[in-house]
Every structure is written in C-alpha cells, then in structure tokens.
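Each chain is listed here by its residues.
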2 protein chains.
Amino acid sequence: MLERLRTGIRDVADFPKKGITFKDITPILSDPGMFHASIDLFLERSRGKKIDKIVGIDARGFLFGSTVAYELGIGFVPIRKRGKLPYKTEIAKYSLEYGEAEMEMHIDAMMAGERVVLVDDLLATGGTSAAAAALISKVGGQLLEAQFLIELEFLHGRKKLQPTPVVSFLKY
Amino acid sequence: MLERLRTGIRDVADFPKKGITFKDITPILSDPGMFHASIDLFLERSRGKKIDKIVGIDARGFLFGSTVAYELGIGFVPIRKRGKLPYKTEIAKYSLEYGEAEMEMHIDAMMAGERVVLVDDLLATGGTSAAAAALISKVGGQLLEAQFLIELEFLHGRKKLQPTPVVSFLKY
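Procedures and definitions
- Residues numbered from 1 in each chain as written.
- Chains lettered and ligands numbered in written order.
- Predicted model: local features only at pLDDT ≥ 70, side-chain atom pairs only at ≥ 80, totals over all residues.
- Heavy atoms only, no water.
- Pairing = 2+ DSSP bridges.
- Helix = DSSP H or I, 4+ residues; strand = E, 2+ residues; numbered from the N terminus.
- Axes fitted to C-alpha atoms, helices over the stretch in contact; angles between N-to-C directions.
- Salt bridge = Lys/Arg side-chain N within 4 Å of Asp/Glu carboxyl O.
- Buried < 20%, exposed > 50% of the residue type's maximum accessible area, 1.4 Å probe, protein only.
- Contact = heavy atoms within 4.5 Å.
- Least-squares fit on C-alpha atoms with pLDDT ≥ 70 in both.
- Expected span 1.5 Å × (residues − 1).
- Parallel < 35°, antiparallel > 145°, perpendicular 65-115°, else oblique.
- Left-handed = near helix turned anticlockwise from the far one by under 90°.
- Nonpolar A, V, L, I, M, F, W, Y, C, P; charged D, E, K, R; others polar.
- Buried area = accessible area lost by both parts, 1.4 Å probe.

S.K.: For this particular structure, what's the right way to read the sheet that holds strand β4 (residues 75–81) of chain B?
M.R.: Where strands meet in a sheet, backbone hydrogen bonds hold them as pairs that are either parallel or antiparallel. All names here are of chain B. The seven strands lie next to each other as β5-β6-β4-β3-β7-β8-β9, forming an open sheet whose pairing is mixed. At either end of the open sheet lies a strand with only one pairing partner, and these are β5 (89–95) and β9 (166–171). Strand-to-strand twist across the sheet, computed as the mean angle between neighbouring axes with direction ignored, equals 25°. Bridging between β5 and strand β6 (residues 100–106) involves seven bridges; their strand directions are antiparallel. Paired with A92 across the two strands is M103, which belongs to β6.

Structure, rendered in structure tokens:
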C-alpha cells in the first residue's frame, strides 16, 4: 500500500518558487482508498499507546491530525500561524528562507504532563516542526513522537527535532 | 448533546478586532467527547446519502471536513487561500471588510457531476462559503448541501448561498 500511496503524490515543478518541486498530496485526499490508507499509517503507529492529544500544524496538518485524533478517541490541538488563534497563546519563532515567522498555540491547549504526538503531512527542513515541539514544551506537554506522511530526507529535518523520535512513512 | 457542545464554544471578545466576538472552537477540539459529538452531527446528516466528495475550506474547515470524509469513506477536496495550492486552479473572489480576497480549488479536484457536500465550522456573512460554492460549480461538481457546526444567524449568511440548502447545528 505504501507504493500505491506514493503514486498519489503529485510532483509539481517550480512551486512555490522556481527550482523547488512541491509534493502535492491532494490526489491522496480525494481518493477514498488512499486517504484511508494514509490515515491508517498514523493509526497503526499510535494505537495502543497512551496518548492524550494529537497536535497538528496549520493547515495540512489539520487534515491528518484531526482524523487521527477522532479515530483514537482523543483531543486535537491546533498550532497556527500568528494572529489566527483568538485566546491567549504561547509563541515560537521559526526561520524562513528570508527572515522569520511565528506560530502560536493556546496556553490552555493541554494540561501539564499530557502525552502528545505531533502529526503533519511533510517533514522538510524541520523549522515548523521544531517550533511546534517548542510550543508543546512551553505549555507543559510531553512530546512522545513526531509523525509525518512524507519526509524529504535530503533536508535533514529530523536533526532539528532531536531528541524527539521521528517517524515518516514515505521517504524521498 | 447540542447544549453540551455549546459549552465548548468560547466567546473571545474583540477578536480579530475590537467589537467582534469570536466563537473559539478549540475547546471542542481538545475534548474527546465533544469533538466526537461535533463530527457525529455532520455524519448523521450525511450518512446514507449518495455523496462523492466532502469539500472543506482552509483552515478550520479541514478539521471537520477531513474527518467526515474519512468516516463516510469518500474523498476530501480542500479549498485554499490563493497561492497555497500547487497545481492548476480555478479562482473565486470574495469580499472582505476592506477589499477582496481569493480562494482556489484544483481544476481536477472532482469529476463533472460528482455530488459534493461543503463542510465548515462557521457560517458568518457567507462570503467564503459562496465563493466555495462558485468554485465547486466551476469544476463541474454538484453541491448538494452546505453544513456548518455554527451559524451566526444575525449575519444572514445563508442568503448568499441560495439556492444551496444550508444546515447548521448550533445557531446564535
């Protein structure tokens, strides 16, 4: 099934800018069998573990994270770009190619010591994931593992997440 | 359960700007029982109908729409703010308080004649929902119904969606 899933990832050249090949997951989402299979990869990894919350990153992380949380019967916590969450937040910076951006998580998103898993579609340079890990730590959560559908291994993003264990299902 | 769900919606004053009270759904997402109950409202409404795709709007619409699609065993199609979708798109404009913004959907997101349901967290003025309906029509889809967890009835958003049937579960 991993090989079938791989056929659902569309390479789009020169997006978001020239020289970058974007991994488009929308063909997976629109195909019922592939969407199910992609969610099941996350579920197989997390079922039977004691997890309190799934954390997902705005916006594609919401697609996988919310469904995984629903299926596991646990809560979901969103991390969003700055200015989108309405209540009091913790803030973490991350680097973009030019300059910095910020992400936020509500300060009451989880209780101290809660065991959480980070779910996202893609691990690239690891900048946003590392910021997410910092936010989870700031609000007192215990990040057990970061899970990604796709990992671009040549960008070495998992180094930025150390010492958090990283799992990915489709590697490039 | 509707009344319990209502307790999970946090009113945040003066967000995103002074004078506006924002309906914060993150307490629903983080509570396993309430999150399940909110998804089940959408599922009860759609089960047994012949639906080919769920369409969700960036970003909070992804939280509900993707899970509903997974549970129904059908595909999910994202609508995003302009510049986020990598492949060829149709574009629809919508009005903001000052000026306009644009949303996009991939041109191959659905096949002509496919029966789709729009899922979003909140119906306010109806601007983004109407743009979503226009995009579904442009790519050849047949919009059966628009479903919202929350409706701010005093903004009369469902008028903008006519003649599409509108369903909401928590009205204010």
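S.K.: So what exactly am I meant to see when it comes to the pattern of salt bridges here?
M.R.: Residues and elements named next belong to chain A. Going through the model one piece at a time under the given rule, you end up with 33 salt bridges over all chains. The salt bridge partner of R80 is D58, with a shortest N-O separation of 3.0 Å. Here the residue R80 occupies a position in strand β4 (residues 75–81), and D58 occupies one in the loop between β3 (53–57) and α4 (60–72), the gap between them amounting to 22 residues. Of the two residues, R80 and D58, neither departs from the other in class, the shared state being buried. A salt bridge links K93 to E102; the shortest N-O distance between them is 3.2 Å.

S.K.: Sorry, what's going on with the sheet that holds strand β8 (residues 142–151) of chain A here?
M.R.: All names here are of chain A. In spatial order, the strands read β5-β6-β4-β3-β7-β8-β9; together these seven strands make up an open sheet with mixed pairing. The open sheet terminates on both sides in strands that have one partner only, identified here as β5 (89–95) and β9 (166–171). Looking at each pair of strands side by side, their axes are set apart by 20° on average, direction ignored. Pairing analysis gives five bridges linking β3 to β4, with the strands arranged parallel. Across the sheet, residue V55 finds its bridge partner in β4, namely V77.

S.K.: I would appreciate a short explanation of the pairing of strand β6 (residues 100–106) of chain A in the present structure.
M.R.: Each regular strand displays side chains that alternate between the two surfaces of the sheet. All names here are of chain A. Most of β6 is tucked away: five of the seven residues are buried. Where β4 and β6 come together, two bridges link them in antiparallel fashion. Bridge assignment links R80 to a residue of β6, and that residue is E104. Counting the residues in the hairpin turn of β5 and β6 gives four residues, including G99, whose phi is positive at 90°.

S.K.: Just checking my understanding: could you explain the side chain of Q147 of chain A for this structure?
M.R.: Structurally, the position occupied by Q147 of chain A is in strand β8. Ignoring any residue separated from it by four or fewer positions in sequence, one finds Q147 of chain A in contact with F42, R45, S46, V117, L118, V119, D120 and V167 of chain A.

S.K.: Before we go on, may I ask you to explain the relation of the copies chain B and chain A in this structure?
M.R.: Each of the two chain copies can be generated from the other by rotation about an axis followed by a shift along it. Overlay of chain B on chain A (RMSD 0.0 Å): rotation 180°, translation along the axis 0.0 Å. The transformation just described matches what one would write down for a two-fold rotation axis. Using C-alpha coordinates, one finds that chain B approaches the rotation axis most closely at T67 of chain B, a distance of 2.3 Å. In this assembly, 100% of the residues forming the interface of chain B have copies in chain A that are likewise at the interface, indicating an isologous arrangement.

S.K.: Whenever I open this one, helix α5 (residues 127–138) of chain A confuses me. Can you help?
M.R.: Each α-helix turn comprises 3.6 residues. Residues three or four places apart therefore point the same way. The end-to-end C-alpha distance of α5 of chain A is 17 Å, a good match for the 16 Å that twelve residues give at a rise of 1.5 Å each. For α5 of chain A, the full list of buried residues reads G127, S129, A131, A132, A133, L135 and I136 of chain A.

S.K.: How should I be thinking about the packing of α4 of chain A against helix α4 (residues 60–72) of chain B in this particular structure?
M.R.: Describing two packed helices takes the angle between their axes plus the distance from one axis to the other. Orientation of α4 of chain A relative to α4 of chain B, taken along the N-to-C sense of each, is 60°, at an axis distance of 8 Å. Comparing the axis directions of α4 of chain A and α4 of chain B gives the class oblique. Classified by chirality, the crossing of α4 of chain B by α4 of chain A is right-handed. Note on element contacts: α4 of chain B touches α4 of chain A through F62, L63, S66, T67, Y70 and E71 of chain B, opposite F62, L63, S66, T67, Y70 and E71 of chain A. A per-class count over the contact of α4 of chain A with α4 of chain B returns six nonpolar, four polar and two charged.

S.K.: Honestly, the interface of chain B and chain A in this entry has me stumped. Any pointers?
M.R.: Think of interface size as the accessible area that goes away when the parts come together; that is how it is often given. Every contact between the two is made by 40 residues of chain B and, on the other side, 40 residues of chain A. Carbon and sulfur atoms supply 64% of the area buried between chain B and chain A, which totals about 3,200 Å² over both sides. Per-residue buried area on chain B facing chain A is highest for R10, Y70 and P86 of chain B; these three make up 22% of the total on that side. Our count for the contact surface shared by chain B and chain A stands at two salt bridges. Note that D108 of chain B is salt-bridged to R10 of chain A, the shortest N-O span being 2.7 Å. Elements with a minimum of two residues in the side of chain B that touches chain A: β1 (10–13), β2 (21–24), α2 (26–30), α3 (32–46), α4 and β4 of chain B. The element that contributes the greatest number of residues to the side of chain B that touches chain A is α4 of chain B, accounting for eight residues. Here the residues of the side of chain B that touches chain A are counted per class, giving 20 nonpolar, nine polar and eleven charged.

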